There are 2 protein chains.
Amino acid sequence: MSFFVGVDLGGTNIVCGLLDQEFNLLAKSKQPTEAANGSDFVLERIAVMIEDLLREQNIDRSQLGAVGLGTPGFIDPVRGVCTFASNLRWNNVPVSDILGARLGVPVFIDNDVRMYIFGEAMKGPGQGYANVLGITLGTGMAAALVNEGQLYYGGGFMAGEIGHIIVGDGESTPCGCGLVGCLETVASATGLARQAREALAAGRESVLGEWFPGAEAANVTAADVSRAYDEGDALAIEIMNHTGKLLGRGLSYAVTLYSPDALIIGGGASLAGERLLGPMRDELRKSVYHGYWDRLTIHPGALIDDGGVIGSAAFAASRAALQQVESVRSEEA
Amino acid sequence: MSFFVGVDLGGTNIVCGLLDQEFNLLAKSKQPTEAANGSDFVLERIAVMIEDLLREQNIDRSQLGAVGLGTPGFIDPVRGVCTFASNLRWNNVPVSDILGARLGVPVFIDNDVRMYIFGEAMKGPGQGYANVLGITLGTGMAAALVNEGQLYYGGGFMAGEIGHIIVGDGESTPCGCGLVGCLETVASATGLARQAREALAAGRESVLGEWFPGAEAANVTAADVSRAYDEGDALAIEIMNHTGKLLGRGLSYAVTLYSPDALIIGGGASLAGERLLGPMRDELRKSVYHGYWDRLTIHPGALIDDGGVIGSAAFAASRAALQQVESVRSEEA
């Protein structure tokens with residue numbers, strides 16, 4: 001019996017989870033990151049958290065198969081290096097080498113979105129599908145593709161940035177990436193709130209204007225737009241319909257190019273649920289060849305809280321297995 | 001020393017090529033397909049062509065590593081079955097089984113576009129790049145992605161149908177796929193000719209109207225649009241600019257989602273060259289995050305005549321090598 005550890009490393013907290021080889025979460029621990037103390041401090045804290053988890057569960061260290069670690073930022077998953085993580089202030093930290101040497105097991109890292117989607121593909125609603133496309137709608141928008149049990153990376157590990165597709169339809173909000181009118185300026189928690197704020201500033205009637213009069217409009221969130229939608233507010237309905245439509249159109253490109261079997265929608269803004277996914281589905285169905293639509297299943301993300309931990313552990317297990325195959329291969333050669 | 005055979009099977013002709021393990025084309029033969037005689041006849045003809053090629057080059061059959069066969073149509077490359085090929089009138093022909101048993105070597109098949117792009121990735125300008133996206137602009141428009149030496153298929157082997165992305169911009173030509181305004185209704189030899197024909201019918205001034213007066217306008221081809229462009233014809237320039245722009249926009253989705261290192265443009269309509277690729281490049285550069293653009297190299301296809309044969313042989317070599325690894329893997333398990 002092998003066990004795997006998944007680590008969800010954020011700017012505020014570290015969450016470690018111990019999983020069995022079927023990726024059932026057996027135990028979890030959480031500690032503050034305290035990133036200001038530097039990367040050696042943080043990695044040592046993670047190592048101790050992992051040792052504590054093993055001890056508490058009476059698992060010998062020899063039974064630990066691999067450790068996976070996910071974090072926001074730019075990651076080189078092949079070299080196991082965190083190239084840049086702004087919330088940790090890390091530059092070129094060789095996480096796999098440092099933590100691997102400290103723990104004596106293989107350590108694999110990747111960014112948090114890919115880890116989360118990998119978890120949904122292996123243990124969430126994507127389980128059993130050969131090609132899983134997952135998106136997260138949060139502060140921004142991101143995507144990852146899991147093909148036959150492996151993440152698709154593309155050149156520079158940059159594939160899947162569906163949030164930075166230009167959607168047309170007159171959208172002209174400048175995006176952090178340098179382009180104008182990217183999908184994530186609309187289809188994200190930030191995008192939903194921005195649309196509401198701009199409509200209020202333009203004098204549009206809405207219950208949101210009553211809840212957030214004057215300068216308070218700056219505080220409208222995506223959740224507020226959902227609340228207003230449920231009150232039948234015309235502006236909120238218009239925003240959800242427009243956002244769902246552009247999301248569906250963006251996804252139509254991804255579905256045509258990737259041909260996924262399952263599409264998983266996660267992230268905070270996905271809590272808008274059918275308000276957003278209804279119009280998204282309508283537009284997607286109209287915008288792809290029916291052969292894609294017929295084979296596609298669409299699921300909300302299921303691993304809400306533990307997705308990062310489960311995905312990181314599953315990723316580590318998958319990469320460790322792959323490494324074994326590759327070593328057999330090179331012995332043969 | 002191993003040798004590989006690539007077969008380019010069309011509705012009119014069969015072309016067989018013998019290649020060494022560096023995919024140099026050593027010899028080639030061509031015979032009519034005579035598809036009306038049925039699949040057994042055609043496959044036996046291919047087997048004899050391959051035996052003749054080996055004999056003429058003094059190569060023992062034991063040195064033949066594998067055979068690859070590409071053909072237009074719906075292919076299941078995993079089972080080696082031609083599910084449907086309209087120009088051959090084939091339905092569910094188990095090509096790999098029949099030809100493999102006849103020749104005593106592994107036979108791998110796929111559709112002609114994927115074989116051609118695989119060839120450009122392995123032996124054409126895509127050589128040395130980890131992620132190669134290739135498109136063909138012909139009667140229609142198609143694409144294939146070669147990632148780390150392997151074709152990306154997606155669910156139902158349907159990935160990469162970039163021709164069936166809806167491009168907007170008011171395009172409203174019905175497409176054979178059932179949608180309206182697909183990229184291939186514009187960015188293809190057919191699309192270029194259609195735009196010219198429709199403009200002439202609408203009374204637009206053009207040298208094309210002098211070359212093809214009245215009902216003869218039905219005979220305008222993409223090559224004629226290129227010729228008119230070279231005479232400075234305003235309509236032809238407008239058509240090339242518009243087509244290049246929409247092509248660039250469609251490719252911007254593919255580049256953002258796949259993150260290729262190299263983009264290869266092949267197919268008959270790519271002979272329009274810079275007339276089309278100039279505006280395509282401009283739009284693509286403006287429509288993707290600079291990180292994608294900076295790492296991307298763009299190449300016209302190089303394996304004009306022999307791309308199908310070279311690609312099929314390279315594909316067979318790659319699949320045969322993969323099968324060996326998998327058999328090692330299953331012996332281990």
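The rules we used
Residues numbered from 1 in each chain as written. Chains lettered and ligands numbered in written order. Predicted model: local features only at pLDDT ≥ 70, side-chain atom pairs only at ≥ 80, totals over all residues. Heavy atoms only, no water. Axes fitted to C-alpha atoms, helices over the stretch in contact; angles between N-to-C directions. Helix = DSSP H or I, 4+ residues; strand = E, 2+ residues; numbered from the N terminus. Parallel < 35°, antiparallel > 145°, perpendicular 65-115°, else oblique. Left-handed = near helix turned anticlockwise from the far one by under 90°. Contact = heavy atoms within 4.5 Å. Salt bridge = Lys/Arg side-chain N within 4 Å of Asp/Glu carboxyl O. Buried < 20%, exposed > 50% of the residue type's maximum accessible area, 1.4 Å probe, protein only. Domains from an automatic or database assignment. Buried area = accessible area lost by both parts, 1.4 Å probe. Polar contact = N/O pair within 3.5 Å; in protein donor to acceptor, adjacent residues only side chain to side chain. 1 Å grid on protein atoms, 1.4 Å probe; cavity = no way out; pocket = protein on both sides within 12 Å on 5 of 7 lines; lining within 4 Å. Points joined across faces, edges and corners; volume = space filled by probe spheres on them. Nonpolar A, V, L, I, M, F, W, Y, C, P; charged D, E, K, R; others polar. Core = buried A, V, L, I, M, F, W, Y, C linked by side-chain atoms within 4.5 Å. Phe/Tyr/Trp six-rings, centres within 6.5 Å; stacked < 30°, edge-to-face > 60°. Least-squares fit on C-alpha atoms with pLDDT ≥ 70 in both.

Residues and elements named next belong to chain B. It is at 7 Å that the axes of helix H6 (residues 222–230) and helix H7 (residues 234–258) come closest, and there the two elements cross at 120°. Here H6 lies oblique to H7, going by the angle between them. Taken as a pair, H6 and H7 cross one another with a handedness that is left-handed. Across from Val225, Ser226, Ala228 and Tyr229 in H6, the residues of H7 making contact are Ala236, Ile237, Ile239 and Met240.

A separate point is the pattern of salt bridges. Two side chains with opposite charge may pair up if their charged atoms get near one another. By the definition in use, this model includes 36 salt bridges over all chains. In this structure, arginine 79 of chain B engages aspartate 76 of chain B in a salt bridge whose closest nitrogen and oxygen atoms are separated by 3.0 Å. Two residues, aspartate 169 of chain B and arginine 249 of chain B, come together in a salt bridge whose shortest N-O distance is 3.6 Å. Remark: arginine 249 of chain B occurs in helix H7 and aspartate 169 of chain B occurs in the loop between strand E11 (150–151) and helix H4 (189–201); sequence separation between them is 80 residues. With relative accessibility at 41%, the residue aspartate 169 of chain B sits in the partly exposed group. Under the relative-accessibility criterion, arginine 249 of chain B is labelled buried at 17%. Each member of the salt-bridge network shares a partner with another, and the members are Glu44, Glu51, Arg61 and Arg102 of chain A.

This part covers the domain arrangement of chain A. Residue and element names in this part refer to chain A. By the assigned domains, chain A splits into domain 1 (3–119 + 305–332) and domain 2 (129–300). Computed over C-alpha atoms, the centres of domain 1 and domain 2 are 30 Å apart. With 13 residues of domain 1 at the interface, the matching set in domain 2 holds 14 residues. Carbon and sulfur atoms make up 74% of the surface buried where domain 1 meets domain 2, a total of about 1100 Å² over both sides. When the buried area of domain 1 at its contact with domain 2 is split by residue, Arg114, Ile117 and Phe118 rank highest and sum to 50% of it. In this structure, the connection of domain 1 to domain 2 is made through 0 salt bridges. Where domain 1 touches domain 2, the interface holds 2 residue pairs in polar contact (both at pLDDT 80 or more). Mapped onto the side of domain 1 that touches domain 2, the elements with two or more residues apiece are strand E5 (74–76), helix H3 (112–122) and helix H10 (307–332).

A separate point is empty space enclosed by the protein. Once rolled over the atoms, a probe with the size of a water molecule shows which space is left empty. All names here are of chain A. This structure, assessed with the given rule, holds 1 cavity of 30 Å³ or more. The volume enclosed by the largest cavity comes to roughly 40 Å³. With 3 residues, the single largest contributor to the lining of the largest cavity is strand E10 (residues 141–147). Per-class residue counts for the lining of the largest cavity are 6 nonpolar, 1 polar and 1 charged.

We now examine the nonpolar core. In terms of nonpolar packing, the biggest core is built from 100 residues, with Ile162 and Leu251 of chain A together with Ile162 and Leu251 of chain B touching the most fellow members. Setting aside residues up to four positions removed in sequence, isoleucine 162 of chain B forms contacts with Leu257 of chain A together with Ile135, Met141, Ala142, Ala143, Leu183, Gly250, Leu251 and Ala254 of chain B.

Residues and elements named next belong to chain B. Between H7 and helix H8 (residues 274–287), the shortest axis-to-axis distance is 7 Å and the interhelical angle comes to 45°. Considering their axes alone, H7 and H8 lie oblique with respect to each other. The handedness of the crossing between H7 and H8 comes out as right-handed. Contacts from Met240, Asn241, Thr243, Gly244, Lys245, Leu247, Gly248, Arg249, Leu251, Ser252 and Val255 of H7 reach H8 at Arg275, Leu276, Pro279, Met280, Glu283, Leu284 and Ser287. Tallied by class, residues from the contact of H7 with H8 come to 8 nonpolar, 6 polar and 4 charged.

One pass over the structure, following the stated rule, counts 9 aromatic pairs over all chains. A ring pair is formed by tyrosine 152 of chain A and tyrosine 152 of chain B, whose centres lie 6.3 Å apart and whose planes are at 40°; its orientation type is tilted. Here tyrosine 152 of chain A, found in the loop between strand E11 (150–151) and helix H4 (189–201), pairs with tyrosine 152 of chain B, found in the loop between E11 and H4, and the two come from separate chains. Tyrosine 152 of chain B shares its class with tyrosine 152 of chain A; the two are buried. For the ring pair tyrosine 289 of chain A and tyrosine 292 of chain A, a centre distance of 6.1 Å and an interplane angle of 85° mean the geometry is edge-to-face. Tyrosine 289 of chain A sits in the partly exposed class, given a relative accessible area of 27%.

Further remarks concern the relation of the copies chain B and chain A. Of the transformation placing chain B onto chain A, the axial shift is 0.0 Å and the rotation is 180°, giving an RMSD of 0.0 Å. Expressed as a symmetry operation, the mapping of one chain copy onto the other fits a two-fold axis. Residue tyrosine 253 of chain B, judged by its C-alpha, is the member of chain B lying nearest the rotation axis, at 3.4 Å. By residue overlap, the copies meet face to face through one surface: 100% of the interface positions of chain B are interface positions in chain A.

All names here are of chain B. Relative to the helices and strands, threonine 33 resides in the loop between strand E3 (25–32) and helix H1 (39–56). Judged by its relative accessible area of 0%, threonine 33 is buried. Only 3.0 Å separates the side chain of threonine 33 from the backbone nitrogen of asparagine 13, close enough to count as a polar contact. The contact partners of threonine 33, leaving out residues within four places of it in the chain, are Leu9, Gly10, Gly11, Thr12, Asn13, Ile14, Phe41, Val42, Arg45 and Leu88.

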